[in-house]
Amino acid sequence: MNKKISNICCIGAGYVGGPTMAVIAHKCRNINVTVVDINEQRIREWNSENLENLPVYEPGLNEIVQDRRGKNLFFSTDIAEAIHKSEMIFISVNTPTKTYGIGKGMAADLKFVELCARTIGDEANGDKIVVEKSTLPVRTAESIRTILKSAGSKYEFEILSNPEFLAEGTAVADLYNPDRVLIGGDNTDAGKQAVDSLVNIYATWVPRERIITTNVWSSELSKLTANAFLAQRISSINAVSALCEKTGANVDEVASAIGADSRIGKKFLKSSVGFGGSCFQKDILNMVYLCRYFGIPEVADYWEQIIKLNDYQKSRFSRQIINSLFNTVSGKKISFLGWAFKKDTNDTRESPAIYVACDLLTDRAEIHIYDPKVRAEQISKDVKYLLEQRGFGKTETDELAALLHVYTEPYPAMDKAHAVAVLTEWDEFCTYDWKKIYENMKKPAFVFDGRNILDRDYLEKTGFNVKCVGG
Ligand code: UDX
Ligand code: ADP
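Residues numbered from 1 in each chain as written. Chains lettered and ligands numbered in written order. Predicted model: local features only at pLDDT ≥ 70, side-chain atom pairs only at ≥ 80, totals over all residues. Heavy atoms only, no water.

Participant: So what's going on with helix α3 (residues 61–68)? Residues and values would help.
Facilitator: Taken together, the buried positions of α3 are L61, N62, I64, V65 and R68. The inward-facing, buried residues of α3 abut α1 (17–27), α2 (40–46), β3 (73–76) and α7 (171–176). One or two residues past the end of α3 sits G70, with phi positive at roughly 85°. (Buried < 20%, exposed > 50% of the residue type's maximum accessible area, 1.4 Å probe, protein only. Helix = DSSP H or I, 4+ residues; strand = E, 2+ residues; numbered from the N terminus. Contact = heavy atoms within 4.5 Å.)

Participant: Could you give an account of the site of ligand 1, with specific residues and numbers?
Facilitator: The full set close to ligand 1 counts 20 residues, and F165, E168, S272, K342 and R451 are the nearest of them. Contact distances for ligand 1 include 3.2 Å between an oxygen atom and a side-chain N or O atom of K223. Here an oxygen atom of ligand 1 and a side-chain polar atom of S272 are 2.7 Å apart. Burial of ligand 1 by the protein amounts to 90% of the accessible area it has alone, namely 660 Å². It is helix α9 (residues 216–247) that provides the largest number of residues to the shell around ligand 1, a total of four residues. (Near = heavy atom within 4 Å. Polar contact = N/O pair within 3.5 Å; in protein donor to acceptor, adjacent residues only side chain to side chain. Areas by Shrake-Rupley, 256 points an atom, 1.4 Å probe, with all protein chains shown as cover.)

Participant: Could you give an account of the pattern of salt bridges, with specific residues and numbers?
Facilitator: Here the structure, examined in full by the defined rule, presents 24 salt bridges. Across the pair K111 and D109 runs a salt bridge, and its minimum N-O distance is 3.7 Å. You can call K111 partly exposed: its relative accessible area is 42%. Residues R292 and E304 are paired through a salt bridge, measuring 2.7 Å at the closest nitrogen-oxygen approach. With a gap of 12 residues between them, R292 in helix α11 (residues 280–293) and E304 in helix α12 (residues 297–324) connect regions that are remote in the sequence. For R292, a relative accessible area of 36% corresponds to the partly exposed category. With relative accessibility at 14%, the residue E304 sits in the buried group. (Salt bridge = Lys/Arg side-chain N within 4 Å of Asp/Glu carboxyl O.)

Participant: How would you sum up unusual backbone geometry? Please name residues and give values.
Facilitator: Most of the time, phi is negative for any residue but glycine, and the peptide bond is trans. In this structure, P444 follows K443 across a cis peptide bond, with omega equal to -5°. Look at F268: it is not a glycine, yet its phi comes out positive at around 60°. Relative to the assigned elements, F268 resides in the loop between α10 (251–259) and α11. By relative accessible area, F268 is classed as partly exposed at 39%.

Participant: Go over a nonpolar patch on the surface with me, naming the residues and quoting the values.
Facilitator: A cluster of nonpolar side chains, namely Y293, F294, I296 and V299, defines an oily patch on the protein surface of about 420 Å² accessible area. Within the element layout of this structure, Y293 appears in helix α11. (Patch = residues over 30% accessible without salt bridge, like charges linked within 9 Å, V, L, I, M, F, W, Y side chains within 5 Å.)

Participant: Report on the pairing of strand β6 (residues 157–161), specifying residues and quantitative values.
Facilitator: For β6, the tally of buried residues reaches five of five residues, placing the bulk of the element in the interior. Burial along β6 is two-sided: F157, I159 and S161 and E158 and L160, pointing in opposite directions, are all buried. Bridge analysis of strand β5 (residues 128–132) against β6 gives five bridges, and the strand direction is parallel. The partner of V131 across the bridge, within β6, is L160. Taking the sense of rotation as the criterion, the β-α-β connection linking β5, helix α6 (residues 140–150) and β6 turns out right-handed. (Pairing = 2+ DSSP bridges. Right-handed = clockwise from strand over helix to strand, strands pointing away.)

Participant: How would you sum up the site of ligand 2? Please name residues and give values.
Facilitator: Residues in contact with ligand 2 amount to 18 residues; listed here are only the nearest, Y15, V16, D37, R42 and R349. Here a nitrogen atom of ligand 2 and a backbone polar atom of I38 are 3.4 Å apart. For ligand 2, an oxygen atom lies 2.8 Å from a polar atom in the side chain of R349. Contact with the protein chains hides 90% of the accessible area of ligand 2, taken as 580 Å² for the molecule alone. In terms of residues, the shell around ligand 2 owes the most to one element, helix α5 (residues 111–123), which gives three residues. Across the shell around ligand 2, the residue classes break down as 10 nonpolar, five polar and three charged. (Nonpolar A, V, L, I, M, F, W, Y, C, P; charged D, E, K, R; others polar.)

Participant: How would you summarise the packing of helix α14 (residues 376–389) against helix α15 (residues 394–401) if you had to cite specific residues and measurements?
Facilitator: α15 packs onto α14 with a crossing angle of 140° between their chain directions and a minimal axis gap of 10 Å. If you check the angle between α14 and α15, you find them oblique. Here α14 runs over α15; the crossing is right-handed. Contact residues: α14 offers K384, L387 and E388, while α15 offers T397, D398, L400 and A401. Considered class by class, the residues forming the contact of α14 with α15 number three nonpolar, one polar and three charged. (Axes fitted to C-alpha atoms, helices over the stretch in contact; angles between N-to-C directions. Parallel < 35°, antiparallel > 145°, perpendicular 65-115°, else oblique. Left-handed = near helix turned anticlockwise from the far one by under 90°.)

Participant: For the packing of aromatic side chains, give the residues involved together with the corresponding values.
Facilitator: Enumeration over the complete set of coordinates arrives at 15 aromatic pairs. Here the aromatic rings of F229 and W303 are separated by 6.0 Å at their centres, their planes lie at 40°, and the arrangement is tilted. Here the residue F229 occupies a position in helix α9, and W303 occupies one in helix α12, the gap between them amounting to 74 residues. On the basis of relative accessibility, which here comes to 47%, the residue F229 falls in the partly exposed class. Using a relative accessible area of 9% as the deciding quantity, one classes W303 as buried. Ring geometry for Y411 and Y432: centres 5.5 Å apart, planes at 45°, overall tilted. Of this pair, Y411 sits in helix α16 (residues 410–414) while Y432 sits in the loop between β12 (419–422) and α17 (434–439); the two residues are 21 residues apart in sequence, bridging distant segments of the chain. Y411 sits in the partly exposed class, given a relative accessible area of 30%. Note on Y432: relative accessible area 10%, which makes it buried. (Phe/Tyr/Trp six-rings, centres within 6.5 Å; stacked < 30°, edge-to-face > 60°.)

Below is the structure:
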């Protein structure tokens, strides 16, 4: 199946599918790329005239969508047609943690992936290369293959694993200049040819030596392992932050001292209120589930501790706010700067802000939020979902959610506040007039810097009580 690929279809127009396909279309002008989704509103937003309305915010994305859309980049809800005309189909749908049944709270929910495989099996009108892009448990390719085979199709399917390593907020830059591209395929002639077809696409702009090919299972497991290692670094430094707070050491100084060791390296050592995002927690839970399934509980416990530490870090931050505000936040105005799980994205999945907000709402605080990119509906949805997960009934959830106030400007969000908490590291927060903010706040005025981005000395000189993560 070493085909020259002229048409690509990507099922799933989300944070992975959208930017990845936009970059492929931008780099490979001879390939038509169609991104399809069952969510009509999402597709409408991808097609909207006003580029500010694209459903995914990523620096540099608007420009490439504007450049390629309608030329060789298309967004559509017609999944069948896109499958018909494509030689290669990427599956880029969401794989959230299961919220029901066997593996609840641990295993990845593969219902969306399975549905895609069935649709491809039903609609295929020729041989197809199917590429797993979503993060999936090891051996999912096997399930996709079984479903495709049992669809009774007379055509051949090659299944490749091509995990995404882009980080949100830098997705376009990561896609343009990846550390590596990983492609897993079968060690058969047809498998190798399919791998070559995909290698040739990436080789248009990625140096060959950065394109790694492996068997399918190694590729699947590498994705989980990469995220587990990255998250482990953050939980490690966050564990040290708790110790710093007790001992008077400064976690940023410790991070910089250990990062100078080239074996450790300085990246990904920023202590924070905790990690968020759609990948880390989900992938580690997935890994834990696999280990338990395969009868290696010691290994499962090892990885699970990363999640436990992250939960501890988030709740420690909430407790610090409550303790500092004289053990009660009831009726107090607490301003949140940031809601996204990191800067330069509008994605809020697993954002620490949601957890801290729910902790404080439970103590009846009033939360006033400003985030440059997140919409008010999303914030309310996030909070209601977590409160319901925590066992609150509908009426109480609605009552607590009514204590949320979302702003489109930062200063009104902090006016007459008792405390400001920084939950996302947006650059603009460092440029604010903190003297003016202090004057308009209730005294004593507190700042809880959950990202350690503000100038602590300056804030303290201004009069603030400042708490950073890790001393
Ligand atoms: C991650 C992986 O980096 C990426 O390779 C994979 O494809 C998807 O998962 P992403 O979740 O988009 O990417 O962002 P990332 O930059 O990894 O940040 C994840 C979380 O960790 C964020 O909440 C971030 O604020 C936090 N973080 C990151 C820290 O708290 N400290 C750090 O030093 C780095
Ligand atoms: P990710 O971060 O993995 O890209 P998102 O939730 O942002 O996750 O995007 C996944 C997209 O996949 C969503 O827009 C969702 O509507 C879409 N999707 C899920 N199942 C299907 C399906 N069977 N067919 C088409 N699109 C799907």
